[in-house]
Amino acid sequence: MASVSDFTKLLKAIHFAALKHRDQRRKDVEASPYINHPIEVAETIARVGQVTDLVVLQSAILHDTVEDTLTTPEEIEEHFGLEVRRVVEEVTDDKSLPKATRKQLQIDHAPHLSTRAQLVKLADKISNVRAVTETPPADWPLERRVAYLDWTENVVAGLRGCNAPLENLYDQLLSQGRAALSIQGKI
Ligand code: ZN
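A. Focus on the side chain of Glu 75. For Glu 75, the location among the structural elements is in helix H5 (residues 73-80). Within the structure, Glu 75 has its side chain in polar contact with the side chain of Lys 20 (distance 2.7 Å). The residues contacting Glu 75, other than those within four sequence positions of it, are Phe 16, Lys 20 and Leu 70.

Here's what the structure looks like:
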């Protein structure tokens, strides 16, 4: 059973991430608030993956703060400790590298991540596959959406074994996404 202190730590992470992402929107046509995404990632890990490790749930909430805002790893450590910092750093792309390199590195690194980081990465891909299928970026043509789904499959191949229910959900969303996009391609 989670303690008051655990709930406080999780809510503190949500508050921190909401502040850091406050000026960002998702790329869908409705420009949803960015914070919806990390909240969805953490919720999926808890509900589907049945994960109660507070470090994983905090890291899920914070997983895009270093990559997509001015947040530093030191700040994460100061507020949430070294373990959370490590997981967030593991799932953070080096934005100084070209996009194609970063995408290849995600595939290469996936099998070598800690289990905690693998859980966050897998739920991140679940959220993104759902978004690219149902609420895609307004300017993404169909081929780009299909290519994105293909790429996530290569990343997830390196995450297999970390959590069966999450892997099953990913597989289901991937096949539903491919079916939906192939129908759209024929219209
Ligand atoms: Zn993300």
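B. Up close: the coordination of the zinc ion. Surrounding the zinc ion are the protein donor atoms His 37 (NE2), His 63 (NE2), Asp 64 (OD) and Asp 124 (OD), which sit 2.1 to 2.3 Å from the metal. With four donor atoms in place around the zinc ion and angles of 82 to 174° between them, the coordination shape is irregular. Read N to C, the donor residues that coordinate the zinc ion are spaced as H-x25-H-D-x59-D. With His 63 in the loop between helix H3 (54-62) and helix H4 (65-68) and Asp 124 in helix H8 (residues 115-134), the pair connects residues that are 61 residues apart, well separated along the chain. Here Asp 124 falls in the buried class, since its relative accessible area comes to 9%.

C. Geometry of the packing of aromatic side chains. With the rule as written, the count across this model stands at three aromatic pairs. Geometrically, the ring pair formed by Phe 16 and Phe 80 is edge-to-face, given 5.3 Å between the ring centres and 85° between the ring planes. Residue Phe 16 is found in helix H1 (residues 4-20), and its partner Phe 80 is found in helix H5; the two are separated by 64 residues along the sequence. The pair Phe 16 / Phe 80 is uniform in exposure class, with both members buried. Here the aromatic cluster, defined as three or more aromatic residues joined through ring pairs, consists of Trp 140, Tyr 148 and Trp 151. For Arg 26, the ring lying beneath its charged end belongs to Tyr 34, and the centroid distance is 5.6 Å. A cation over an aromatic ring shows up here: Lys 103 above the ring of Trp 151, its NZ or CZ 4.4 Å from the ring centre.

Rules used in this analysis
Residues numbered from 1 in each chain as written. Predicted model: local features only at pLDDT ≥ 70, side-chain atom pairs only at ≥ 80, totals over all residues. Heavy atoms only, no water. Helix = DSSP H or I, 4+ residues; strand = E, 2+ residues; numbered from the N terminus. Polar contact = N/O pair within 3.5 Å; in protein donor to acceptor, adjacent residues only side chain to side chain. Contact = heavy atoms within 4.5 Å. Donors = N, O, S within 2.8 Å, 3.2 Å for Na, K, Ca; no water. Tetrahedral: all angles 85-135°; square planar, octahedral: opposite > 155°, others 65-115°. Buried < 20%, exposed > 50% of the residue type's maximum accessible area, 1.4 Å probe, protein only. Phe/Tyr/Trp six-rings, centres within 6.5 Å; stacked < 30°, edge-to-face > 60°. Lys NZ or Arg CZ within 6 Å of the ring centre and 35° of its normal.

Coordinates in, geometry out; function isn't part of it.
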